[in-house]
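Descriptive analysis of the structure
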Amino acid sequence: MSTENIESPPLSALLQGYVTPPQLAQQLGITLRTLRRWEQKRLAPPRTVIARQIFYRVSSVKSWMESREQRRRS
């Protein structure tokens, strides 16, 4: 699986605890295109939009991941 290697500038102290779409995609091991598809299908984690810029709160991403957790059936 190929990820887009996009360098993002460091976030200011105000945005500590948030990640950008390229950062989230990289951490999840997916492409930005996949993240955008998930957003269109409403499968992506909750996001915050400020001045047309998208940010994901790390704690919300963790909650989203926990909600998608599946138990194996025996």
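For the structure itself, consult the block above.
Residues numbered from 1 in each chain as written. Predicted model: local features only at pLDDT ≥ 70, side-chain atom pairs only at ≥ 80, totals over all residues. Heavy atoms only, no water.

1. So, the overall build of the protein
Cut-off, in case you're wondering: A run of H or I in DSSP counts as a helix once it spans at least four residues, and a run of E counts as a strand once it spans at least two, with each numbered from the N terminus. Two residues form a contact once any of their heavy atoms are found within 4.5 Å. In short, Shrake-Rupley with a 1.4 Å probe defines the accessible areas, and a residue's cover is counted only from the protein chains shown.
Of the regular secondary structure elements, the protein holds three helices and three strands. Once local pairs closer than 6 in sequence are excluded, the contacts in the protein between residues at least 24 apart make up 48%. Of the roughly 6300 Å² of accessible surface on the protein, a fraction of 47% belongs to carbon and sulfur atoms.

2. Here's the deal with the nonpolar core
Generally speaking, soluble globular proteins have nonpolar side chains that are buried together. Selection criterion: Nine residue types can take part in a nonpolar core, namely buried Ala, Val, Leu, Ile, Met, Phe, Trp, Tyr and Cys, and a core is a set of them joined through side-chain atoms within 4.5 Å. For each residue, the accessible area found with a 1.4 Å probe, counting protein chains only, is set against the maximum for its type, and the residue is called buried under 20%, exposed over 50%, and partly exposed in between.
Ranked by size, the top nonpolar core spans nine residues in total: V19, L24, A25, I30, L32, L35, A44, Y56 and V61. Broken down by secondary-structure element, the contributors of at least two residues to this core are α1 (21-28) and α2 (32-40). With residues up to four places along the chain from it excluded, the contact list for V61 reads L24, P45 and Y56.

3. Observations concerning the pattern of salt bridges
Using the following cut-off: Definition used for salt bridges: Asp or Glu carboxyl oxygen within 4 Å of a side-chain nitrogen of Lys or Arg.
All chains considered together, the criterion is met by one salt bridge. R47 serves as the salt-bridge partner of E39, at 3.2 Å between the closest nitrogen and oxygen.

4. Some words on α1
For α1, the set of buried residues is P21, P22, Q23, L24 and A25. Elements that come into contact with the buried residues of α1 comprise β1 (18-19), α2, β3 (53-57) and α3 (58-67). G29, located one to two residues past α1, shows a positive phi value of around 75 degrees.

5. Concerning the sheet that holds β3
In a beta sheet, neighbouring strands pair by backbone hydrogen bonds and run either parallel or antiparallel. Stated formally: DSSP bridges decide pairing: two strands pair if at least two such bridges lie between them.
With antiparallel pairing, the three strands of this open sheet are ordered in space as β1-β3-β2. A single partner strand is all that each edge strand has here, and the edge strands are β1 and β2 (48-50). Both β2 and β3 contribute to a ladder of three bridges, which runs antiparallel. Bridged to T48 within β3 is F55.

6. Side note on the environment of R33
Along the polypeptide, R33 turns up in helix α2. Taking the C-alpha atoms as reference, R33 lies 10.0 Å from P22; in sequence the two are 11 residues apart.

7. Description of the packing of α1 against α2
Going by this rule: Note on geometry: axes are C-alpha line fits, over the in-contact stretch for helices, and angles between N-to-C directions span 0 to 180 degrees. What sets the label is the angle itself: under 35 degrees gives roughly parallel, over 145 gives roughly antiparallel, 65 to 115 gives roughly perpendicular, and the rest give oblique.
Two numbers describe how α1 lies on α2: the axes approach to 9 Å, and their chain directions differ by 105 degrees. Considering the angle they form, α1 stands roughly perpendicular to α2. Together, P21, P22, L24, A25 and L28 of α1 and L32, L35 and W38 of α2 make up the contact between the two elements.

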